[in-house]
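Overview (structure and organization)
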Amino acid sequence: MTTLPQQAAGSPRRGRWGSAVSARLVLGGAALILLVLVVYPLFWLVLGSFGGTDELTVSNYLRVVREPDLYRALLNTLLIATGASVISLCAGVPIAWFISRTNIPGKEALRTATSVSFMIPGFLSAIAYVVLMAPNTGWLNELVERMFGLDQGPFNIYSLLGITAVTSFGSVAFVVYLATAALDSVDSGLEQSAQILGASRWKVIMGITWPLVTPALLASTLLVFVHSLALFGSHAILGLPVQIYTLPTRIYSLFAFPPDYGAATALSMVLVLLTIGVLYLQRRLLKRRSYVTTEGKAGFQAQVDLGRYRWPAFLACHGFFAFAAYLPVLVLVLASLTKSRGLGFGWDNLTWANYRYVMFEYSLTQRATVNTLILAVSAATAGIVLGALVAYINLRLKVRGAKVLDYLSTIPLGLPGVVLAVGLVLAWIRLPIAIYATMWILLIAYLTRFIPLAVRSADSALRQIDPSLEEASRISGGSWLRSIVEITLPLMKGGMVAGWSLIFVQVIGELAATILLFSVGNETVAVAIYQRSEEGHLEEVSALSVLVLLATAVVLGLARRLTGASVTRW
Amino acid sequence: MGTIEVTKLTKRYGDHNAVDGLDLSIEDGQFITLLGPSGCGKTTTLRMLAGFIRPDEGTITVDGCELSSPARVVPPEERGMGMVFQNYALWPHKTVYHNVAYGLRMQRPRLARKEIRARVGAMLEVVSLPGFEDRFPGQLSGGQQQRVALARSLVTEPSILLLDEPLSNLDAKLRDRMREEVQEIQRRTDITFVYVTHDQGEAMSMSDRIAVMSSGRLEQFAAPRQVYHRPANVAVADFMGLVNLLQGRVVSVDRPAAAVEVVLAFGTRLRLGLTDGTTVFVGDDVTVAIRPENVTVRRSADAGEALVADVTHTTMLGHLCYYVLDLAGTTLRVQTASDVELDRGDRVSVDIDERHASVFPAEVDAESAIEEERV
């Protein structure tokens, strides 16, 4: 009979610090960071809209109702958001159905096209469409003029319709993702049991499938609406030259000298309330009537045979993505390789000069590239660490107040980029420490904007780790910190890498907040692209844009390799 | 050494007392089982022993050292205990070797790498998994994972091992084998085992003593034989296995012999021993608990017996037979060897073994006792 020697009696090992105390310290620290990042600028935004520190007044809000160029901006915003939602719904639902339920050829290609349309920053597709559809100089206009001998081409991207279309191209992915997920989770058994009871194919769709996925479809449409409300880049590039203002671009223009903080903050608050209202509606819709998202696993899917409509369906889907994804990328690549857009296509018009210029010769774009990389790496790293901290506190520490952190971290979802920038300007400009007009203010802005993304990534990674894995480490003698380092973090690695790259990509494409916060010397690539496109240097702008797209693709591709999962699918 | 003293331990969640004034004293080197239906507070108790949960009242003392009180909880990593989790909680990113070696690496002063290697190797021998060092948990069967979990918790030579339903994820055959192995390891190591389960068979076959819990309270703490044959109350009797609960009335009390005479609803008189702590008076309504195996049935060819019943249902289990009888309106469950062949509608005579029946005051009937436990 073997005997294992016994440990000395009554000698529990001593720890370095009490874990309850350290837990509270961590909670306090994270709360402080979130308060500074989120609540502090929001406070100044609200205060500013009511007249600032001197006297409280609602006169700023009255101006929104009375002054035509302020309420017209609101009207335009609502028009564009509604239009984009309708287009996204009409295009997205059939595409989702084809992907989920039919034998359409090349489903992977459709999925990829959806991701591409989603990952192209809005201002880049806007620039591509300027190249394509600007009155007179647009390539498509020239093509049509030449083909039909017209004096003027038919397309004008500088219009409400143009802005709406470009907006919808960037947001159709919301509908495709959510509708595919919803359709995937409806077990075909549900539909087949209706069929066996005698319902026709059409009745099954209208009576079973449709009611089951409706909440998800409506929710995704509202998401498109919110997304469209907040867009800045594409609306600025396509609207400002012809004085079509939306709320974000109007707020931006109110910051031109002399700045009108009163109107800007009041408009910002209107935008925030609109955003929060719609988001609230969307959440309620998903919570209340979600039959499909509760089970979370894909049901059995019977595939509809499209028969001779297979290839027409294929063409229709890719025809849409030609506009939403392929054309913008193609146009940017082509434009970046031409000496001048006006010279037409030919070997003698091809050149690498634009790339050489933006990468090695022009100090603004060089500086902007370095700045962007520094900012993207630091914001992604700090963001995901903060996100992991908040997720950990929320899910693991049994400390009172942990839930509050989670709520705080979702507030930025209701703050469009321009609005956040307004709040940050008001909040930091008055402080004696040099934050405003440095790179720090940009880092703060990015951290705040993308903290919801960071928390969500870390949260879903942490949820997949059973708490008993950490407890097993504790009871084996590992301290609280040791357990996190040895067990939790390694297991969260995949999700955190994915979150990191998502933030990185978002920072590279961030324009809405940056445009109000940058100062000379601290430009980012997005700012450089915007400024140079305003001045009409579309060839070099295209070269920069292609570099941005490349960086995006490379980072997402690497993340996918490292985590073995597509990070662009939510 | 691993003597545990639990005093007035209480844990509340909102208005609900998950553990309610629990007193328990566990001797060194014993195999103790906390037994009860789900929600009875056994797992909460175990997690308080481990230091994962802070008690609202009461203390936990190990070898004279107070480890848990509402004011101070020594964190799990400083308690020197081991724990086996229901889902094993093996770290999927670490090999079997690194899973088992983890606790040794955490020890201060640091152990030499050579010693760690030797002790992990020896431990894997004990759980019959030598040569599995480089496998990942995902590459192991359920039984093998179970052994790794055991090895990981034992390698640091804790004085106390906590086990949270460790066998509930295994299939029936494997469970029987692991049961024996766990018992064997406990005997060899002399570690105090505190084992949580809802399976009374598991509890009875492995434990030195069983603590039956319900609604956060300790119902009985005794050896398996006593818990089964001399349950402290109706709830324990009912939880420890199939039991007939018959209504009766006390007709006489014999205090010196601690015995009573009871007349049952269908007129039978039984002379029954009183359990410690049970007080009844003449005229009291009582519940009499009789296990199915303590009722004998014969074909009533030899009529004239006092008790005659009709067979209403038969269940053949192979080595045993269960019968449901109708005895003048009272339902009686009976267990016999399988060679006693009865059919539905047969008329039988019934004999109740008085020595193995228990009597309880009839304030709580079994139905509501079970209802209470499910909170």
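Residues numbered from 1 in each chain as written. Chains lettered and ligands numbered in written order. Predicted model: local features only at pLDDT ≥ 70, side-chain atom pairs only at ≥ 80, totals over all residues.

What to know about the nonpolar core
Note the following rule: Only buried Ala, Val, Leu, Ile, Met, Phe, Trp, Tyr and Cys residues enter a nonpolar core, and they are joined through C-beta atoms within 7 Å. Around each residue's C-beta, the other C-beta atoms within 10 Å are counted; 20 or more make the residue buried, 12 or fewer make it exposed, and counts in between make it partly exposed. All C-beta atoms are placed from the backbone. Strands are runs of DSSP state E lasting at least 2 residues, helices are runs of H or I lasting at least 4, and numbering of each runs from the N terminus. The split of the chain into domains comes from an automatic or database domain assignment. Residues are defined as contacting one another if the C-beta atoms placed from their backbone atoms lie within 7 Å.
Among the nonpolar cores identified, the biggest contains 172 residues, and Ala179 and Ile503 of chain A are the most heavily contacted of them. Here this core gets 15 residues from one element, more than from any other, and that element is helix α7 (residues 160-185) of chain A. When residues of this core are assigned to domains, at least three fall in each of domain 1 (23-48 + 352-570) and domain 2 (58-294 + 309-342) of chain A. Filtering out sequence-adjacent residues up to four positions away, Ala179 of chain A remains in contact with Gly92, Val93, Ala96, Val213, Ala216, Leu217 and Ser220 of chain A. Formed by 103 residues, the second largest nonpolar core is a distinct cluster that contains Leu24, Ile160, Leu162 and Ala289 of chain B.

A word on the pairing of strand β7 (residues 160-164) of chain B
Looking along a regular strand, one sees side chains alternate from face to face of the sheet. All names here are of chain B. Rules: Two strands are counted as paired when DSSP detects at least two bridges linking them. Crossover handedness is defined here as right-handed if the route from the first strand over the helix to the second strand goes clockwise, with the strands pointing away from the viewer.
Burial analysis of β7 places 5 of its 5 residues in the buried class, the great majority of the element. Sheet analysis places strand β6 (residues 81-84) next to β7, joined by 4 bridges and oriented parallel. Each residue of the ladder has a partner; that of Val84, found in β7, is Leu163. In this view, the connection linking β7 to its parallel neighbour strand β8 (residues 192-197) by way of helix α5 (residues 172-189) has right-handed handedness.

What to know about the sheet that holds strand β15 (residues 295-299) of chain B
Residue and element names in this part refer to chain B. Note the cut-off: Each axis is a line fitted through C-alpha atoms, and for a helix only the stretch in contact is used; angles between axes span 0 to 180 degrees, taken between their N-to-C directions.
Reading across the sheet, the 5 strands line up as β15-β19-β16-β17-β18 and stay open at both edges, with antiparallel pairing between neighbours. Two strands close off the open sheet at either side, each with one partner strand: β15 and β18 (330-337). Each adjacent strand pair in this sheet contributes to an overall mean axis angle of 45°, direction not counted. Bridge count between strand β17 (residues 320-327) and β18: 8 bridges; the pairing is antiparallel. Note that in β18 the partner of Leu325 across the bridge is Leu332.

Things to note about the environment of Thr249 of chain A
Looking at the element boundaries, Thr249 of chain A is found in helix α11 (residues 247-254). Thr249 of chain A sits 263 residues away from Ala512 of chain A along the chain, and the two C-alpha atoms are 9.0 Å apart.

Section: the sheet that holds strand β20 (residues 358-361) of chain B
Residues and elements named next belong to chain B. Spatially, the 5 strands line up as an open sheet ordered β13-β12-β11-β14-β20, and their pairing is antiparallel. The sheet is open, and its two edges are formed by β13 (269-273) and β20, each paired on a single side. Adjacent strand axes in the sheet meet at a mean angle of 45° when their direction is disregarded. Pairing between strand β14 (residues 285-290) and β20: 4 bridges, direction antiparallel. Opposite Ala289, over in β20, you have Ser358 as the bridge partner.

Function cannot be inferred from these measures alone, as they are strictly geometric.
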